[in-house]
Amino acid sequence: MERKNTILYLVVPCYNEEEVLDKTAGVLQEKMERLRNAGRISSQSKVMFVNDGSKDRTWPMICEWTKRDPLFAGLCFSRNYGHQSAILAGMMASRTRADAVVTIDADLQQDIEALDAFLDCYEKGCDIVYGVRNDRNTDGFFKKATAGIFYKLMHALGCKTITNHADYRLMSKKALNALAEFKETNLFLRGLIPTMGFQSDIVYFDVKEREAGQSKYTFKKMMTLAVDGITSMSTRPLQLIMLLGFLTCLLSAGIFISCIVDWAHGRVVPGWTTTVASTCLIGGMMLLSQGIIGEYIGKIYMESKGRPRYIIDAMILREEGESEDGKD
Ligand code: UDP
Ligand code: MG
């Protein structure tokens, strides 16, 4: 199939983005128009905002934009399910209509001009194109440090993430159909998608400051993403526990032998500090190990329920010749 005049869908997750949404919609509208006029994308292309249970005016604003211009479509979650679920829902809702889908944050931090390079790669036959940030200068010290540790840890645990790639990516219909086959609840797209194979490429882009509003990734959300990422992609922490247990056994055997030797020599000194220190150490290790095992058991429990990953409350998408569809 020739890859020209692509039906491109932009999927934009939005959580309490009222401050930036109008600006974003304007910028995306203008960019899509330029691409359309240049004949790079089809007139059936769309920008799909996914409202991830926002508590502010985000959804009414999205509705307003869909009325103003059929370029815009909206998907509304019943509550906040998180960024990963929002982009997954957007991709799944678009894949029947689009040739290619690009996911991009609502805050315009990711350079929209990189879309041309994404389309170049797609037209040359790539099914997945990863956007990778050139540097982390716009991040604070804390985010830079934690992100660095996270990517190093993921690599050490044998997970093929692409360093500094954060869900700004293009996927073809073929790749999206393959992604739809992954039924797991605990989804870490950045880890999962690189394992899918397909012809892929990387596009580098500069990260800008957030246009307006605050980061919607709280520390808690970031930690959840990191733990979900690791537990969904690797079981190596469980093997590490076994290794830790083995080393502790060796250590205990050594201590035991030394105790026997002391006893045989009549040096039964009451070593209070050693006792307390080793109890604390072993207690801590046991609890940590149980916590890690518990995390996996919790994940198995959630997966076994097979609950839906998100619930869609409403969808607005106007196709050519149609007035409005979907809403309730
Ligand atoms: N987001 C979301 N649900 C959430 C948190 C964030 O859909 O629970 C969206 C948010 O609206 C934005 C994107 O995810 O479009 C990235 O969030 P943000 O820019 O706040 O993260 P940061 O760039 O600070 O990592
Ligand atoms: Mg951001």
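Worth saying up front: this structure is predicted, and the values here are computed from it rather than measured.

Cut-offs applied
Residues numbered from 1 in each chain as written. Chains lettered and ligands numbered in written order. Predicted model: local features only at pLDDT ≥ 70, side-chain atom pairs only at ≥ 80, totals over all residues. Heavy atoms only, no water. Helix = DSSP H or I, 4+ residues; strand = E, 2+ residues; numbered from the N terminus. Rg over C-alpha atoms; globule rule 2.2 N^0.38 Å. Buried < 20%, exposed > 50% of the residue type's maximum accessible area, 1.4 Å probe, protein only. Areas by Shrake-Rupley, 256 points an atom, 1.4 Å probe, with all protein chains shown as cover. Lys, Arg positive; Asp, Glu negative; His and termini not counted. Charge placed at Lys NZ, Arg CZ, Asp CG, Glu CD. Core = buried A, V, L, I, M, F, W, Y, C linked by side-chain atoms within 4.5 Å. Contact = heavy atoms within 4.5 Å. Pairing = 2+ DSSP bridges. Axes fitted to C-alpha atoms, helices over the stretch in contact; angles between N-to-C directions. Near = heavy atom within 4 Å. Polar contact = N/O pair within 3.5 Å; in protein donor to acceptor, adjacent residues only side chain to side chain. Nonpolar A, V, L, I, M, F, W, Y, C, P; charged D, E, K, R; others polar.

1. Regarding the overall build of the chain
Part 1 of the reasoning: The number of helices and strands found in the chain is ten helices and eight strands.
Part 2 of the reasoning: The C-alpha atoms of the chain give 25 Å as radius of gyration, which overshoots the globular expectation for 328 residues (20 Å, by more than 25%).
Part 3 of the reasoning: Viewed in the frame of its principal axes, the chain has a C-alpha envelope of about 95 × 40 × 40 Å.
Part 4 of the reasoning: Expressed as a percentage of the 328 residues in the chain, the buried residues total 45%.
Part 5 of the reasoning: Split by element, the accessible area of the chain, about 17000 Å² in all, is 60% carbon and sulfur.
Part 6 of the reasoning: A gap of 5 Å separates the mean positions of the 40 positive and 40 negative side-chain charges of the chain.

2. Re the nonpolar core
Part 1 of the reasoning: Residues L8, L10, V47 and F49 are the most contacted members of the largest nonpolar core, which totals 40 residues.
Part 2 of the reasoning: The residues touching L10, leaving out its near neighbours within four places in the chain, are L28, M32, K46, V47, M48, V102, I112 and L115.
Part 3 of the reasoning: Residues L75, V132, L189 and L317 belong to the second largest nonpolar core, which totals 35 residues.

3. Thoughts on the sheet that holds strand β8 (residues 312-316)
Part 1 of the reasoning: The sheet built from eight strands is open, its strands ordered β7-β5-β6-β4-β1-β2-β3-β8 with mixed pairing. At either end of the open sheet lies a strand with only one pairing partner, and these are β7 (200-205) and β8. Within this sheet the neighbouring strands show an average axis-to-axis angle of 20°, counted without direction.
Part 2 of the reasoning: Pairing of strand β4 (residues 100-103) with strand β6 (residues 165-172) involves four bridges; the strand directions are antiparallel. Bridging across to β6, A100 finds its partner in S172.
Part 3 of the reasoning: Its contacts with the sheet place helix α4 (residues 115-123) against β1 (8-14), β4, β5 (128-133), β6 and β7, and it is angled at close to 45° to β6.

4. Some points on the pairing of β6
Part 1 of the reasoning: A large share of β6 lies buried, amounting to seven of its eight residues.
Part 2 of the reasoning: Taken together, the four bridges between β5 and β6 define a ladder with antiparallel strand orientation. The partner of Y130 across the bridge, within β6, is R169.

5. Comments concerning the site of ligand 1
Part 1 of the reasoning: Near ligand 1 there are 18 residues, and of these E17, D52, D107, S215 and K216 occur at the shortest range.
Part 2 of the reasoning: In the environment of ligand 1, a nitrogen atom lies 2.6 Å from a nitrogen or oxygen atom belonging to the side chain of D52.
Part 3 of the reasoning: A distance of 2.9 Å separates an oxygen atom of ligand 1 from a polar side-chain atom of Q109.
Part 4 of the reasoning: Across the complex, the protein chains shield 92% of the 530 Å² of accessible surface that ligand 1 would expose by itself.
Part 5 of the reasoning: Tallied by class, residues from the shell around ligand 1 come to five nonpolar, five polar and eight charged.

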